Amino acid sequence: MTMQGSQHRSAMPDRCGDEGFTLFEMLIVLALIALLGLLALPLARGTASARGIDTATRDLARNLAAARSDAMRDAAPRSVLLDARNRRWRRIEHVRWTALPHGVGIDVTAPRNAITASGVTRLSYFHDGSASGGTIRLRDGARRRAIAIDWLSGRLTVRDGG
């Protein structure tokens, strides 16, 4: 008994395209995803670095502003200590130092009498809101930020490029 052409059935089902992907196709897609991930890694590192300097600038400016507010509220001087050599800072009334994020450097310009014998800079605020004044420059590779403290008003100015 022979089957005619129209009645012949294959042992393999016909592929309609709805049955999924082959193993080879899946491996190609996974390889492309891995390649894109490797290409994006340097961009993610740059973003983490940018977050580090942004966070350091924000935290330091917030604490400087709080020291000014405290000095005016309490009618007593308040200070922030900056240790550029060890890349850290703290409010004078706090015991613990706050370290800058990895890779973020700091330079401080302040009046000569604000620099201690150990090289730590003491930026002070007074009861009327005025300050000893100075500029704090943060850097991370090519990125730069500056926090300027006006001696007369004690106001902070944060700018890029410092």
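Before reading on, note that the structure itself is shown above.
Residues numbered from 1 in each chain as written. Predicted model: local features only at pLDDT ≥ 70, side-chain atom pairs only at ≥ 80, totals over all residues. Heavy atoms only, no water.

**Describing the side chain of R90**
Then step 1. Position of R90 relative to the elements: it lies in strand β2 (residues 88-91).
Then step 2. As a buried residue without a salt bridge, R90 has its nearest oppositely charged side chain in E93, at a separation of 7.5 Å.
Then step 3. Polar contacts involving the side chain of R90 include one to the main-chain carbonyl oxygen of I92, which spans 3.2 Å.
Then step 4. Residues contacting R90, with those up to four places away along its chain left out, are V80, L81, V95, R96 and W97. (Helix = DSSP H or I, 4+ residues; strand = E, 2+ residues; numbered from the N terminus. Buried < 20%, exposed > 50% of the residue type's maximum accessible area, 1.4 Å probe, protein only. Lys, Arg positive; Asp, Glu negative; His and termini not counted. Salt bridge = Lys/Arg side-chain N within 4 Å of Asp/Glu carboxyl O. Polar contact = N/O pair within 3.5 Å; in protein donor to acceptor, adjacent residues only side chain to side chain. Contact = heavy atoms within 4.5 Å.)

**Considerations on the nonpolar core**
Then step 1. Residues L60, L64, I136 and L138 are the most contacted members of the largest nonpolar core, which totals 22 residues.
Then step 2. When contributions to this core are tallied by element, the ones reaching two or more residues are α1 (23-74), β1 (78-83), β5 (121-125), β6 (134-140) and β7 (143-149).
Then step 3. Ranked by the residues each element gives to this core, the list is headed by α1, at seven residues.
Then step 4. What L60 contacts, discounting residues up to four positions off in sequence, is L82, W89, I106, I136 and I147. (Core = buried A, V, L, I, M, F, W, Y, C linked by side-chain atoms within 4.5 Å.)

**Remarks on the sheet that holds strand β8 (residues 156-160)**
Then step 1. Ordered by their spatial adjacency, four strands build an open sheet running β4-β6-β7-β8, and the pairing between neighbours is antiparallel. The strands lining the two open edges of the sheet, one partner per strand, are β4 (105-109) and β8. Between one strand and the next, the sheet's axes are offset by a mean angle of 15°, whatever the strand orientation. (Pairing = 2+ DSSP bridges. Axes fitted to C-alpha atoms, helices over the stretch in contact; angles between N-to-C directions.)

**So, the packing of aromatic side chains**
Then step 1. Taken as a whole, this structure holds zero aromatic pairs when the rule is applied.
Then step 2. Above the ring of W97, the side-chain terminus of R88 is found at 4.2 Å from the ring centroid.
Then step 3. For the cation-ring pair, R90 lies above W97, with the distance from its terminal atom to the ring centre recorded as 5.0 Å. (Phe/Tyr/Trp six-rings, centres within 6.5 Å; stacked < 30°, edge-to-face > 60°. Lys NZ or Arg CZ within 6 Å of the ring centre and 35° of its normal.)

**A closer look at the sheet that holds strand β3 (residues 98-99)**
Then step 1. With respect to topology, four strands assemble into an open sheet ordered β3-β2-β1-β5, the strand pairing being antiparallel. Sheet topology places β3 and β5 at the edges, where each strand pairs with a single neighbour.
Then step 2. Strand direction decides the pairing type here: β1 and β2, joined by four bridges, are antiparallel. Following the sheet pairing, L81 is matched in β2 by R90.

**Things to note about the pairing of β8**
Across a regular strand the side chains alternate sides, sitting on one face of the sheet and then on the other.
Then step 1. As paired elements, β7 and β8 share five bridges and run antiparallel to each other. Looking across to β8, one finds that R145 is bridged to D160.
Then step 2. The hairpin formed by β7 and β8 contains six residues between the paired strands, and G154 there has a positive phi angle of roughly 80°.

**Examining a nonpolar patch on the surface**
Then step 1. Taken together, the side chains of F24, I28, L32, L35, L36 and L39 define a hydrophobic patch exposed on the protein surface, amounting to about 640 Å² of accessible area.
Then step 2. Among the structural elements, L35 can be located in helix α1.
Then step 3. What makes L35 partly exposed here is its relative accessible area of 47%. (Patch = residues over 30% accessible without salt bridge, like charges linked within 9 Å, V, L, I, M, F, W, Y side chains within 5 Å. Areas by Shrake-Rupley, 256 points an atom, 1.4 Å probe, with all protein chains shown as cover.)

Honestly, that's just the spatial picture; any functional story needs more than this.
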